[in-house]
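Report on the structure
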Amino acid sequence: MEYRRLTRDIVFSGKGLHTGEDCRVTLTPGVPGEGVTVDRGRGSFPLETCSFSGTGRGTEVFLPAGQSVKTPEHLFAALYGLGIWSVRISAEGPEIPALDGCSAAFTEALLAGSSPIAEGEEQPKPFAPSVPLAVEDPARNAVLFAFPSYELSLSYVISYEGTPIGTQAFDFRLSQESFRSLLAPSRTFALASEVQALLDRGLAKGGSLENAVVVGETSVSAAGGLRFPDEFVRHKILDLLGDLYLLGRPLRARVVALRAGHDLHCRLAERLMFLSRSRHSRKKETNHV
């Protein structure tokens, strides 16, 4: 996997998917070795010092200063997919802009504003779990596994019985080209039967057929039609990749998801982060001795 670094500032502006508010995010080249930092006006914090949750129809990152940034997963997926692990992220507004409801616009702008890290320059240090991990939600028959591996690969199975989605499965092995062509264009989606309930909860205010796919009982509505017959499960993998960026470093694992979502994604990221920190602490103690 090739890693890249930004060569200039990149700015994205637009409505937030859930709040519908005007949002803006600026990505600035990071200092080598600094990693990923997030700022909402009260200081810049390493991503690994932030907490996060996936319980609100999307991911939310909580900064140590008390602020939060909602729905970063599509931007994070683009950063992960292109191998950008040294970047300063400054957000204005409660959310990351929804743009096209996927990672395509983020990806093309980031690709144009970055270059490969030269051989011999400092590279991000991947984390590989030494034991299998699992998180589950028995009420939804949902489970998410991570197995040790020498590379990152993601498999997802979703099931929406009684809708045009049905059951879909997709396997993905990470590379920049496969991300751009197979995942980045896949858009977020919602069931038509859920839309009013989401609006009543103050969500999906920035959603439209320009940035989302709406699934009815017998039909699918989306600008230009579906981009892939299995666009729904591809988007789930896109979300998963974005949520794994919360680790702040590349992951080497075989990840398998069955009917999961942001909540389980974030719970797995927490488990992986705990393992990573524990391993780092043991190494420091060994070196000290």
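Residues numbered from 1 in each chain as written. Predicted model: local features only at pLDDT ≥ 70, side-chain atom pairs only at ≥ 80, totals over all residues. Heavy atoms only, no water.

As recorded in an unreviewed UniProt entry, the protein goes by UDP-3-O-acyl-N-acetylglucosamine deacetylase and comes from Aminivibrio pyruvatiphilus. On record in UniProt, under Sequence similarities (unreviewed entry), the comment for the protein is "Belongs to the LpxC family." You can read under Pathway (unreviewed entry) in the UniProt record for the protein the words "Glycolipid biosynthesis; lipid IV(A) biosynthesis; lipid IV(A) from (3R)-3-hydroxytetradecanoyl-[acyl-carrier-protein] and UDP-N-acetyl-alpha-D-glucosamine: step 2/6." (UniProt positions renumbered as here; feature names shortened; annotations may be inferred.)

**Notes on the sheet that holds strand E8 (residues 68-70)**
One open sheet holds the three strands; their spatial order is E6-E7-E8, and the pairing between them is antiparallel. On the outer flanks of this sheet lie strand E6 (51-53) and E8, each paired with one strand and no other. Across the sheet, the mean angle from the axis of one strand to that of its neighbour is 20 degrees, orientation sign disregarded. (Pairing = 2+ DSSP bridges. Helix = DSSP H or I, 4+ residues; strand = E, 2+ residues; numbered from the N terminus. Axes fitted to C-alpha atoms, helices over the stretch in contact; angles between N-to-C directions.)

**Describing the pattern of salt bridges**
Evaluation of the coordinates by the stated rule reveals 13 salt bridges. Note that Glu-92 and Arg-24 form a salt bridge whose closest N and O atoms lie 3.5 Å from each other. Within this pair, whereas Glu-92 is found in strand E9 (residues 87-92), its partner Arg-24 is found in strand E3 (residues 22-29), the two being separated by 68 residues in sequence. Classification of Glu-92 as partly exposed rests on a relative accessible area of 45%. On the basis of relative accessible area, Arg-24 is assigned to the partly exposed category, the value being 35%. When salt bridges that share partners are traced, they join Glu-108, Glu-177 and Arg-180 into one network. (Salt bridge = Lys/Arg side-chain N within 4 Å of Asp/Glu carboxyl O. Buried < 20%, exposed > 50% of the residue type's maximum accessible area, 1.4 Å probe, protein only.)

**Brief notes about the environment of Val-38**
Topologically, Val-38 is positioned in strand E4 (residues 36-39). Taking relative accessible area as the criterion, Val-38 reaches 5% and is therefore assigned buried. For the pair Val-38 and Ser-155, spaced 117 residues apart in the sequence, the C-alpha separation amounts to 29 Å. Beyond its immediate stretch of four places on either side in the chain, Val-38 contacts Gly-43, Ser-44, Phe-45, Leu-47, Leu-63, Val-69 and Ile-89. (Contact = heavy atoms within 4.5 Å.)

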